[in-house]
Amino acid sequence: MKVIKRAQGWLLMLMMVLSMLLAPAAAYAGNDMDTRSLALINKPGVVLLQSTWYADVVIDQLSIDEGIFEVIDVAIEQMGEEGQLTGDMDQFTSIYIQIFTQLLPDYTYPSGIPTATSAQSSFIGTGFIVTPDGYLLTNAHVVETDEQTMLMGFAYDAAASYVAGEIQEFAQGIYDAMGVVPAQEDLDLLAETYYSLLIQEMQVNNLSAEYLCFMGNTIGGTDPSVKAVTLDLRKKGASIPDKDIAILKMDKTNLPTVALGDDSMIKTGDTVYAMGYPAVATVNGTLNIDQAIQEPTLTNGIISAKKQMAGGWSILQTSADIHGGNSGGPLFNESGEVVGINTFGMLEESGASASGMNFAIPISIAKQFLSEINVTSSESQFTTDYRKAVMLYGQEDYRGAADLLRQINEMNPGYPVVVELLSECSSLAGAQPVSTQEAPVTADADDVIDDEESPKQTDKEADLKPIPWLPIGLGGGGLVLVVIIIISVAAVKKRKRIQPPKPEVTAHPSTADEPDGSICPICAVFNVKGIKFCKECGGKLDTPAPTIKCQACGMENIPGTKFCGECGGKL
């Protein structure tokens, strides 16, 4: 009867495996992640991009026709006659500056005093790595901005001191004449007008571009730019309304990667997550920029709709927040796979972002771009190991996670998310109870074959014995898996016929036995000379040993002790 019972157990296991193999494939297409795991796994592969344009520029200063002030006087007088002025000097000053700004383009001309200088214009965006050897995806408009924006950047860089001087002189003149300090927003509007007039006559020569991505940097107090990696542009589409995709490449190996998904499976109402480096949360002067460029921002929303672009291709509308700097970043599904590339958002008439009107290019289009240059996305060993470490962390196997994270950090140092998780796991591992010996291997009573009830057979016969009810129609992979299970079953039977002796319980060696070794202060396991981290728990060996103080007598006891070694009191 015992033989029959055991056979029933193996039969049940095989039936469960086969039912999984025959289940619809869609049911196992992807497993949803909790939000924290999704963020942890994908952060290392999402990078901040900086595109910088360099040029030699010649800027001619502006001269103002004095006739502008007569025109302003006439306009102000007319407004007074029409009752539009209240007598408030702040209001009057603001109106005066706004009229001056509107008239300025018609009353300025080049002074004939050119200034030659070098200038640069930088823009930030987001990208994500899709191969271990450094291919990454982003938007085309991240690597090639429109001409007007680029020229304005050159003007800011080359003429900032000149424009600031002109605006300061103008503001002082207003104060001297009216006794009012102009509002900053009015002066900002005037400065923008100055810059736009300067670029109309600006000469640009020797134009060039540089693309950088910023990887993790955990060294406090250092310039984050030392971690910048140069990129080569390999393929670029055209900006919206065209297929706004670009592919870049860095010269590195075993980089963290993100997985690409299938946007055809996305439906309206599905939850999605946008990850990237929005400028408002990255280069805002109120934030620690060094830290902000090391960790992308995650926002969530839903797929609001699938829209059609003018060119006839589809685009994903999402409610997930996308701001300037997010461009080129990944849009994840709930399985942590990229289904879109965050590209643009709509604006209200006021210029403010329109809520819920954000758009991502489907990842299928990016896959077409990759295919055209013979690149196939794949997961790196870094990400495979890191994904496993995150899984162990979620299962509260902190020691296992810490060991794996330590190996990852040694091979690929500098990723903040890895270092932070390693620190957390090491701390939690130190608080876990530690077993000082392996449990003996024993067999279940029902697993022991009764030789009197069953005929003897050799191990070889057990390995090869056929299963007559194996269903026809399994794919080759399923058949191989079943054969492997059969062999494994036989191997288990072989191991359990001969019971290993129970290991002897021995005390940990002391430093007196091995003067060159050391005892872990966390789990009390002995380690040989030269080891920095405990082989059992991963704790650092030179840290002070934690103790538990007895409340009755004050005796210090090692962690895990249940009763005080001095008075016997329960700890």
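The structure under discussion appears in the preceding block.
So, here's what we can say about the structure. Just so it is clear, the structure is predicted and the values come from calculations on it, not from any experiment.

### Quick notes on the environment of Asp-270
With respect to the helices and strands, Asp-270 occurs in the loop between strand E6 (246-249) and strand E7 (271-276). Here the alpha-carbon distance between Asp-270 and Glu-334, two residues 64 residues apart in the chain, equals 8.4 Å. Those residues in contact with Asp-270 that sit more than four places away from it in its chain are Met-265, Gly-301, Ile-302 and Ile-303. Side-chain polar atoms of Asp-270 contact the backbone nitrogen of Lys-267, separated by 2.9 Å.

### Looking at the packing of helix H4 (residues 89-103) against helix H6 (residues 147-178)
Packed helix pairs are characterised by how far apart their axes lie and by the angle those axes make with each other. Following both chains from N to C, one finds H4 and H6 inclined at 140°, their axes separated by 12 Å at the closest point. Regarding the angle of H4 to H6, the classification is oblique. Where H4 crosses over H6, the handedness of that crossing is right-handed. Where H4 abuts H6, its residues Met-89, Phe-92, Thr-93, Tyr-96, Ile-97 and Phe-100 lie against Phe-170, Ile-174 and Met-178. Taken together, the residues of the contact of H4 with H6 sort by class into 8 nonpolar, 1 polar and no charged.

### Side note on the nonpolar core
Judged by nonpolar contacts, the single largest core of 75 residues is most densely connected at Phe-154, Val-163, Met-215, Met-250, Tyr-386 and Leu-405. Looking at this core, the element that brings in the most residues is H6, giving 12 residues. Not counting the four nearest positions on each side in its chain, Leu-405 is found in contact with Tyr-386, Ala-389, Val-418, Leu-421, Leu-422 and Cys-425. Judged by nonpolar contacts, the second largest core, of 32 residues, contains Tyr-135, Tyr-273, Met-309 and Phe-359.

### With respect to the sheet that holds E6
Here we have 6 strands rolled up into a closed barrel, ordered E1-E2-E3-E6-E5-E4, and antiparallel in their pairing. Sheet twist, expressed as the average angle between the axes of neighbouring strands with direction ignored, equals 40°. When strand E3 (residues 135-138) meets E6, the two strands line up antiparallel, connected through 4 bridges. Note on E6: the bridge partner recorded for Leu-136 is Leu-248.

### With respect to the packing of aromatic side chains
In the structure shown here, the tally under the stated rule is 7 aromatic pairs. The interplanar angle of 15° and the centroid separation of 4.9 Å between the aromatic rings of Phe-344 and Phe-359 together place this pair among those described as stacked. A residue pair is termed long-range when its members are at least 10 positions apart, and Phe-344 in strand E11 (residues 338-347) and Phe-359 in strand E12 (residues 353-362) qualify at 15 residues. Residue Phe-344 is classed as buried on the basis of its relative accessible area of 18%. When its relative accessible area of 5% is taken as the criterion, Phe-359 is described as buried. The structure contains a cluster of three or more aromatic residues connected by ring pairs, namely Phe-69, Phe-100 and Phe-170. Sitting over the ring of Phe-369, Lys-235 keeps its end group 5.3 Å from the ring centre. Between Lys-249 and the ring centre of Tyr-135, over which it is positioned, the NZ or CZ distance is 5.4 Å.

Each value, and the rule that gives it
Residues numbered from 1 in each chain as written. Predicted model: local features only at pLDDT ≥ 70, side-chain atom pairs only at ≥ 80, totals over all residues. Heavy atoms only, no water. Helix = DSSP H or I, 4+ residues; strand = E, 2+ residues; numbered from the N terminus. Contact = heavy atoms within 4.5 Å. Polar contact = N/O pair within 3.5 Å; in protein donor to acceptor, adjacent residues only side chain to side chain. Axes fitted to C-alpha atoms, helices over the stretch in contact; angles between N-to-C directions. Parallel < 35°, antiparallel > 145°, perpendicular 65-115°, else oblique. Left-handed = near helix turned anticlockwise from the far one by under 90°. Nonpolar A, V, L, I, M, F, W, Y, C, P; charged D, E, K, R; others polar. Core = buried A, V, L, I, M, F, W, Y, C linked by side-chain atoms within 4.5 Å. Buried < 20%, exposed > 50% of the residue type's maximum accessible area, 1.4 Å probe, protein only. Pairing = 2+ DSSP bridges. Phe/Tyr/Trp six-rings, centres within 6.5 Å; stacked < 30°, edge-to-face > 60°. Lys NZ or Arg CZ within 6 Å of the ring centre and 35° of its normal.

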